[in-house]
Amino acid sequence: MKLADRMRRLGTESAFEVLARAKELERGGREIIHLEIGEPDFDTPPHITAAAAEALHSGHTHYVPAPGIPELRLAVAEFLDRTGRMSTTPDRVVVTPGAKPIMFFTIMALCQEGDEVLYPDPGFPMYASIAAFAGARPVAVPLREANDFTIDPDELASLVTDRTKLLILNSPHNPCGSAMSAEQAEAIAAIAIEHDLVVLSDEVYWALQYDGKHHSVLDVDGMAARTVLLDGWSKTFAMTGWRLGFGVFPEALVEPVSRLVINSVSCTSAFSQHAAIAALRGPWDDVDRMAEAFRQRRDVIVSGLNAVPGVSCVVPAGAFYAFPNVREVGLPAADLADMMLQRAGVACLPGTAFGSYGEGYLRFSYANTIDNIQAATAALNDLLREVSHG
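Conventions adopted
Residues numbered from 1 in each chain as written. Predicted model: local features only at pLDDT ≥ 70, side-chain atom pairs only at ≥ 80, totals over all residues. Heavy atoms only, no water. Helix = DSSP H or I, 4+ residues; strand = E, 2+ residues; numbered from the N terminus. Rg over C-alpha atoms; globule rule 2.2 N^0.38 Å. Contact = heavy atoms within 4.5 Å. Buried < 20%, exposed > 50% of the residue type's maximum accessible area, 1.4 Å probe, protein only. Right-handed = clockwise from strand over helix to strand, strands pointing away. Pairing = 2+ DSSP bridges. Expected span 1.5 Å × (residues − 1). Arc of directions from axis to C-beta. Axes fitted to C-alpha atoms, helices over the stretch in contact; angles between N-to-C directions.

**A closer look at the overall build of the protein chain**
Then, number 1: Along the protein chain, the regular secondary structure elements total 12 helices and 12 strands.
Then, number 2: By the compact-globule yardstick of 21 Å for 390 residues, the protein chain fits well, its C-alpha radius of gyration being 21 Å.
Then, number 3: For the protein chain, the spread of C-alpha atoms along the three principal axes comes to 60 × 55 × 55 Å.
Then, number 4: Residue pairs at least 24 apart in sequence account for 75% of intrachain contacts in the protein chain once pairs closer than 6 positions are excluded.

**With respect to unusual backbone geometry**
Then, number 1: Residues Ser171 and Pro172 are joined by a peptide bond in cis, for which omega reads -15°.
Then, number 2: With respect to the secondary-structure elements, Pro172 resides in the loop between β5 (164-170) and α7 (182-194).
Then, number 3: The step from Asn174 to Pro175 runs through a cis peptide bond, and the omega angle for that step is 20°.
Then, number 4: Look at Ala319: it is not a glycine, yet its phi comes out positive at around 60°.
Then, number 5: Checked against the element boundaries, Ala319 lands in the loop between α10 (285-306) and β9 (321-322).
Then, number 6: Look at Ala319 and you get buried, because its relative accessible area is 0%.

**A few points about the pairing of strand β6 (residues 198-202)**
Then, number 1: Among the 5 residues of β6, 5 are classified as buried, and the element is accordingly described as predominantly covered.
Then, number 2: A two-sided burial pattern is seen for β6, the buried positions comprising Val198, Leu200 and Asp202 on one face and Val199 and Ser201 on the other.
Then, number 3: Handedness of the crossover is the feature at issue here: the chain leaves β5, passes through α7, returns alongside β6, and the resulting connection is right-handed.
Then, number 4: Both β6 and strand β7 (residues 227-232) contribute to a ladder of 4 bridges, which runs parallel. Residue pairing in the sheet places Asp202 in a bridge with Leu230 of β7.

**Quick word on helix α1 (residues 14-27)**
Then, number 1: Its 14 residues place the ends of α1 20 Å apart at the C-alpha level, agreeing with the 20 Å of an ideal helix rising 1.5 Å per residue.
Then, number 2: Residues of α1 that are buried include every one of Ala15, Val18, Ala22 and Leu25, and no others. Buried residues of α1 fall within an arc of 85° about the axis and therefore sit on the same side.
Then, number 3: Against β1 (33-34), α11 (333-342), β10 (346-347) and β11 (349-350) lie the buried residues of α1.

**Remarks on the sheet that holds strand β2 (residues 93-96)**
Then, number 1: In spatial order, the strands read β2-β8-β7-β6-β5-β3-β4; together these 7 strands make up an open sheet with mixed pairing. With partners counted over all chains shown, the strands left at the sheet margins are β2 and β4 (137-142), one partner each. Pairwise comparison of adjacent strand axes, ignoring direction, gives a mean angle of 20° for this sheet.

**Brief notes about the pairing of strand β3 (residues 116-121)**
Then, number 1: For β3, the tally of buried residues reaches 6 of 6 residues, placing the bulk of the element in the interior.
Then, number 2: Where burial is concerned, the two faces of β3 agree: the one with Glu116, Leu118 and Pro120 and the one with Val117, Tyr119 and Asp121 are both buried.
Then, number 3: As judged from the 6 bridges shared by β3 and β4, these two strands associate in the parallel manner. For Tyr119, the partnering residue across the bridge sits in β4 and is Ala140.
Then, number 4: Where the polypeptide runs from β3 across helix α5 (residues 126-133) and back to β4, its parallel neighbour, the crossover connection is right-handed.
Then, number 5: Across 3 bridges, β3 lies against β5 in parallel orientation. Within β5, the position partnered with Leu118 by the bridge is Leu167.

Here you go:
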């Protein structure tokens, strides 16, 4: 069977491939510390699951409007206003099964052959994958350790051409844990306005920022008219398995994106949308507790990594990822990550899983216990000692 040519342009997400390999080793009797997958290791707060159960018992088991039920679209708009992120109206909100469809639908609605899409590298691999699938040309914007893994506005401006259509941002950032400053947000917004770019701002980790206030290009006047806000419930409320995301779109994109929803998934499950309302309108204590736990784990893993000879790690400002520099080890990142899994029993990802500028780095998700994090950094230390002694 011959596949369509476009399938050669569609990549994958390495975290799930490494997870499968790690699970296979576990089935063979190995003990594996999982620091590869990017999901909170906390249960969904009970008031949210209770709302889902109530919705099921109340008969919310049928088709609903493609962009989301009106009550949830209103709750999203109110939540964004209440948290100071943006002022919008419910008709600009589209709810999807997970946040990935927001990036997929945005790119498919906007980009075609000859267009260019600027995206961060290292960065979430789906950005470049979906852009290429749509026929556009992905153009990497390097994130450099010397700049705390944030975008240099001058370098960004140098990459814009008359073919640039879309700029993708992610803050707090996967895989580096970096976060943009207010000054960077303003400078990047100015570039987008000058060159008439649409911005896709991926802010799924916004609630997990540890040092200072969350900043976005949406803080800048006029940017809401050219920015798609991508967010969801997976990271903030420990709801990865619920598959719930939302986008806030410029008015002209709402109807095309709603058509893409209809043509692909019809709608997002009805009962889960009632759980999403409970999350947005309910108590915040569980989110605060999770964020504080991640802050403690961040400090433990950064300290542990920086104690390993040949390894250095900047302090992540948000999300739950550490991105240590392992260049001094002298091995390709993919080889070292494979050795960590096969010989040390620690599942992690090479920086190259997130783009070519990730060479020389590893990504560790610290969504695990402090004991396991300490065991993982000790295992890395032991492995590198073995490697250095031949």
